[in-house]
Number of protein chains: 2
Amino acid sequence: MTNTAEQKPAAAPRRLDPEDAQHALAAVQECLRRQMLVESLVHRQEQGDAKATLVEDLVHRQHEAELKALVDDLHPADIAFILESLPKEERQTVWNLVSAEHDADVLLEVEDWVRESLIEAMDRQDLVAATGNMDADELADLAPDLPPDVVAEVQKGLTEEERAQLLEAMGYPEDSVGAIMDFEMVRVREDVTLEVVLRYLRRLHELPDHTDQIFVVDRQDKLQGVLPISVLLVSEPDSEVHSVMNTDFLALNPLDSDADAAGAFERYDLVSAPVVDDQSRLIGRVTIADVVDVMREDSQEQALSRAGLQEEDIFAPMVKALRNRAPWLLFNICTAATASFVASQFEDTVSHIVVLAFLMSIVAGIGGNSGNQTMTMIIRALAMGRITPRNLWQLVKREMMVTLMVGLCGSLMAALFAWIISRSIWVAIVMMAAMICNMLVGAGIGVLVPMLRSRFGKDPAIGSSVLLTFATDSLGFFIFLGLATVFLL
Amino acid sequence: MTNTAEQKPAAAPRRLDPEDAQHALAAVQECLRRQMLVESLVHRQEQGDAKATLVEDLVHRQHEAELKALVDDLHPADIAFILESLPKEERQTVWNLVSAEHDADVLLEVEDWVRESLIEAMDRQDLVAATGNMDADELADLAPDLPPDVVAEVQKGLTEEERAQLLEAMGYPEDSVGAIMDFEMVRVREDVTLEVVLRYLRRLHELPDHTDQIFVVDRQDKLQGVLPISVLLVSEPDSEVHSVMNTDFLALNPLDSDADAAGAFERYDLVSAPVVDDQSRLIGRVTIADVVDVMREDSQEQALSRAGLQEEDIFAPMVKALRNRAPWLLFNICTAATASFVASQFEDTVSHIVVLAFLMSIVAGIGGNSGNQTMTMIIRALAMGRITPRNLWQLVKREMMVTLMVGLCGSLMAALFAWIISRSIWVAIVMMAAMICNMLVGAGIGVLVPMLRSRFGKDPAIGSSVLLTFATDSLGFFIFLGLATVFLL
C-alpha cells in the first residue's frame, strides 16, 4: 500500500477486496495452466527443429512476463497465500518470479511448511540480501530454517544492540510472549511536553507498525506509563507527558504464554502491549498482528490435532503425508483391536444370541458421542479459565444429571430398536441398561481426562478423544455383553 | 484504564496481568462461599430471635461490601467473564453489585447466553439508563434482547442520524460486515493541510477507539483515501492531505462475510478498515476488536458444532441443556441403528463365524478415523480458499493415494490381529481387503461431502462428520460381512 496519490490526486481509489487473494490464485493457476498446455503441445510435435524451440521459448517468456506482472502487483501476504496453495513445482516457478524486494516479506508471511522449500530454492547471495534488512525479531523467526552460514553472514551486519536482541528473541520458548515480541518501540521521558514528543516523532520519518501508544520510561528504561497516540493527538501540546499518560496498563512478561496474552488482547481490545522484565524494564512489544496469528494458529492446530494431524502442506510429498497420518491410525487400530478383544471374550454369549453382535456397536458408539459432548464442554470451560476448584464438583454433578436424562430418552429409542430386531423384551432391557451405564462412563471420562491432563500441564484437547473412544468402546462392549451373559443366558 | 497519574506522577505503574480475570474469579467465588457458609450457619441455629437476624444481616452486608469493592476494581470485560463463570443465583448476586456506570459495558461484553438473564434482572429504568448512552451499533447488537418498550424509549433520545444508523445496523444479516461495523469515524477533506487536521482532532477531545487512520472523503461522502495516523504524525504539518494519503486501501462492503473480512485483517495486518456502499460512499468502519471477536466465536462454534452442540451456559438449567444435546444424540442413535440393521442382514454369516462380530467394528471405526483425517484437511483447505476447480482433482488423487498407502500398512496390522483371534488365514485376508476398501470409502466421503456442502453454500464442517460416520459404519459392515459371506461360507 504505497502512496501513489501525489501524481494523480483525482484518481479513483483502488479498492482491495477481501477475496483478492483467491482471485489472484485462480489467475496465476490459469496462467500456469496455459503455459503448460503450450509447452506440452510443442513437445508433442516432437520436432527437434529450431523453430519449435524458438516458439516454445517465446511463448514461455510471454507467459512468464504475464505471471510476473500478476505477481508483482500483489501484496506479499497474497503472494505467500498463492505459494502455499500451489504444488511444489508450480510454487517454484512462481517463487522465481517474485521480485527480490518482496523476498523478505514473503518469507516472513508463508507458513513454516512452505518456507523450507522456498529457502532451498534460493542461493546464498539472495538469502543474505533478503534477510539483511530484517529486524532482529523477524530474523529470529527465520533463523532455524536458514543455513547457518547465512545467519552468520547476516549477523555481521547487525549492530551490537540488534545482535543482543536476536540472541534474546531466539532464547524464549516457542509458545511464550518472548517468541512473538518485537523490538520496535518509541520511548519518551515523562518530563517532556507533548510538543517535544510530536517533534521527535516527526524526526523519525516513519513509526513502527501498529504504534497506538508510546512507552514512557525512566533513565533505567523502567516503564512508567504509556501514552496512547489518541491522547497525544487530542491533548494540548504544552502539557507534559506525565500529566496525560496512563499508568494503568497491561504489561506482559516475556515468559507469559502467548495464548494468555491473546486472551488479554481480546478482553481489553488492545492493539499493542509492552513487554517488561522482572525489574519492569521495557524489553519489547507485542502487537495485535502477532496475536491474531497466534489465535489463528491455535485454532488450526486444535482442529487438526482432533483428527491426529499436524499442519501439512496440501501438496507435501507422499512420504511426509504418510508420516503425518499413519501413527494416529495405527494407534487407533491398536485401541480398536483391544476393544474387540474384550468383546471376543464373550464369544459364547454372542454365538447363543447373535443379534447382540449387531447391537453392541450402538452401545459403544453412543457412549462415545455423549462423552464427546461432555468433553467438548469441559475443554472449552478449561480453555476459558472458567473451572475453579470450587465449581468443579457442581459441574461434574450437572454433567452426570444431563447425561442421565439424555440417556433415558435415548436408551428408550435404542431399546425399541433392539426389540424390533430381536423380538425379545429382555434384550431390549439389557440394551437400555447398558446404554445408560456406558453414557455415564463417557461423561465421567469426558470430565476426568481433560481435567487430569490440564492439572498435569498438558493440553487438555490432544489425546483426550482417543482415550475417550477407547474407554467407551471397551467398556461399552464389556457392560453390554456382560449384562447379557448374566441375564440372558 | 483511567488517567490516575495527575496526582501521583511517581506512582509505580499498576501492572495488569493476563491472568487477572481468573484470579478475580477465584476471589469472588471465595467471597461468595464465605457468605453462604455464614448464612447457612446462622440458619442452622434456627433461632428466630432478632440477634441472629442482626448478625446475619451484618455479616451479609460486610461480605457484600467486600464483594462490591472487588468487582468495582475490575475491567468490565473481567466482570463479564466472572458473570459467565458463575451459576445463575450467584451471578445475580454479583450483577446486583456492579455499579450502574459499568452496566452498559458489561452488557456489551457478556456472551449472548448470559446477557438474557442479566437483562431480566434489571428494571426498566436501569435498562434505559444503561442503554441510553450507547452508540447506534452497540444498541443494534443489544436490541434483540431488550424489551421493546425500552428500545422505543431509548430511540426517542437518539438524533435523526443515530436512528438511521440503528435501523441500518439492525438490517444487515448476522454474519455480515454490516452487523459488526460501527459508525465512529473521523472524516476529513483532501484539500486541507495536516496542520488543520491536527487542530480538528484536538477539538474532538477524544478519538474513537482503534483510530489508526482517518478517512478522506469528498462532498458526496465518497471515500477518496485514508490518512494513517502514523503518516499524519511524521509528515510536515503544511502538507496537504491528498499529497500524503493512501489511495491503495482495503474497503469492505457491508454485505461481505465477516469471516472474509477477518481473513483480510489477518493477511494485511489491519487495525481498522472503512466500509463503503456500492457508490463508494463511506458508511462505517470495522475495527480489529470486532474482528478478533469474530475469529474467536467462529473457532468456538466450530469446536462445539463438531460435537453437535451449540454455545451453552455451563450452568444453564437442565431443560436447556437437554434441548442442546438430545437432538444430536438421538440422530446418532438413528444412524447407528441403521448401520447395525445393515449388519444384521448378515446374521447367518455371523452365526457361522462368530469372530466376524468382533472384527467388524474395527473395519468400521478405522474407516471413520481415516476419512476424518481427509475431511479435516479438505475443510481446512476450503476455509483457507486454497481449493480451486483446477487443483481439486490433484487433491483428490493425492488423498486417495495417501489413504491407500496408510491403508496397506494399517490393514496388515489389522489382518495380523484377525489371524490371532480367528486362526484363519482367510478371515485375515477378508479383513485386510475390507479395511482398505472402507478407508477409501472414508477418503471419498471425506473429500466429497465438504466439497458439495460448500458448493451449495453450507458450512462445510457442520454435519459432515455425521454423514461420514454413517457411511463408514454402514458400508464398513456391508463390505466386511459381504466379503465374508462370499468368500468364507
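Predicted model only: the values in this text are computed from it and were never measured.

1. Description of the overall build of chain A
Moving on, step 1. Across its full length, chain A carries 22 helices and seven strands.
Moving on, step 2. The globule rule puts the C-alpha radius of gyration for 489 residues at 23 Å, and the 31 Å found for chain A is more than 25% above it.
Moving on, step 3. Principal-axis analysis of the C-alpha atoms gives chain A an extent of 90 × 80 × 50 Å.
Moving on, step 4. Buried positions account for 55% of the 489 residues belonging to chain A.
Moving on, step 5. For chain A, contacts bridging at least 24 residues in sequence account for 66% of all contacts bridging at least 6.

2. With respect to the domain arrangement of chain A
All names here are of chain A.
Moving on, step 1. Along its sequence, chain A is carved into domain 1 (18-175), domain 2 (187-307) and domain 3 (318-488).
Moving on, step 2. Between domain 1 and domain 2, the C-alpha centre-to-centre distance is 32 Å.
Moving on, step 3. Every contact between the two is made by six residues of domain 1 and, on the other side, seven residues of domain 2.
Moving on, step 4. Of all residues in domain 1, Glu168, Tyr172 and Asp175 bury the most surface against domain 2, accounting for 77% of the area lost on that side.
Moving on, step 5. At the junction of domain 1 with domain 2, the criterion picks out zero salt bridges.
Moving on, step 6. Where domain 1 touches domain 2, the interface holds one residue pair in polar contact (both at pLDDT 80 or more).
Moving on, step 7. For the side of domain 1 that touches domain 2, a count of residues per class yields two nonpolar, no polar and four charged.

3. Remarks on the relation of the copies chain A and chain B
Moving on, step 1. In the superposition of chain A on chain B (RMSD 0.1 Å, axial shift 0.0 Å), the rotation amounts to 180°. Given the turn and translation reported, the copies of this chain are related as if by a two-fold rotation axis. Among all C-alpha atoms of chain A, that of A:Ala357 lies closest to the rotation axis, at 2.7 Å.
Moving on, step 2. Same-surface contact between copies: 100% of interface residues of chain A are shared with the interface of chain B.

4. A word on the sheet that holds strand β4 (residues 223-228) of chain B
Residues and elements named next belong to chain B.
Moving on, step 1. If you trace the three strands from one edge of the open sheet to the other, you get β2-β3-β4, paired in mixed fashion. Single-partner strands in this sheet number two, and they are β2 (187-188) and β4.
Moving on, step 2. Pairing of β2 with strand β3 (residues 213-217), which is carried by two bridges, proceeds in the parallel orientation. Considered in β3, the bridge of Arg187 is made with Phe215.

5. Notes on the UniProt feature "transmembrane region" (unreviewed entry) in chain A
Moving on, step 1. Following the UniProt record, one finds the feature "transmembrane region" (unreviewed entry) at residues 328-346, 352-379, 400-420, 426-449 and 461-488 of chain A.
Moving on, step 2. Note that residues 400-420 of chain A is 100% helix and 0% strand, and that its end C-alpha atoms are spaced 29 Å apart.

6. Comments concerning the interface of chain A and chain B
Moving on, step 1. With 155 residues of chain A in contact, the opposing surface of chain B contributes 155 residues.
Moving on, step 2. Between chain A and chain B lies a buried interface of about 14,100 Å² when both sides are counted; carbon and sulfur atoms form 63% of it.
Moving on, step 3. At the boundary of chain A and chain B, one finds 10 salt bridges.
Moving on, step 4. A salt bridge links A:Arg296 to B:Glu266, with the nearest nitrogen and oxygen atoms 2.7 Å apart.

7. What to know about helix α6 (residues 112-120) of chain B
Moving on, step 1. Within the sequence span of α6(B), burial applies to B:Trp113, B:Val114, B:Arg115, B:Ser117, B:Leu118 and B:Ile119.
Moving on, step 2. Where the residues of α6(B) are buried, they touch α19 (355-383) of chain A together with α3 (76-85), α4 (88-97), α5 (100-109), α7 (124-132) and α8 (136-142) of chain B.

What counts, and at which threshold
Residues numbered from 1 in each chain as written. Chains lettered and ligands numbered in written order. Predicted model: local features only at pLDDT ≥ 70, side-chain atom pairs only at ≥ 80, totals over all residues. Heavy atoms only, no water. Helix = DSSP H or I, 4+ residues; strand = E, 2+ residues; numbered from the N terminus. Rg over C-alpha atoms; globule rule 2.2 N^0.38 Å. Buried < 20%, exposed > 50% of the residue type's maximum accessible area, 1.4 Å probe, protein only. Contact = heavy atoms within 4.5 Å. Domains from an automatic or database assignment. Buried area = accessible area lost by both parts, 1.4 Å probe. Salt bridge = Lys/Arg side-chain N within 4 Å of Asp/Glu carboxyl O. Polar contact = N/O pair within 3.5 Å; in protein donor to acceptor, adjacent residues only side chain to side chain. Nonpolar A, V, L, I, M, F, W, Y, C, P; charged D, E, K, R; others polar. Least-squares fit on C-alpha atoms with pLDDT ≥ 70 in both. Pairing = 2+ DSSP bridges. UniProt positions renumbered as here; feature names shortened; annotations may be inferred.

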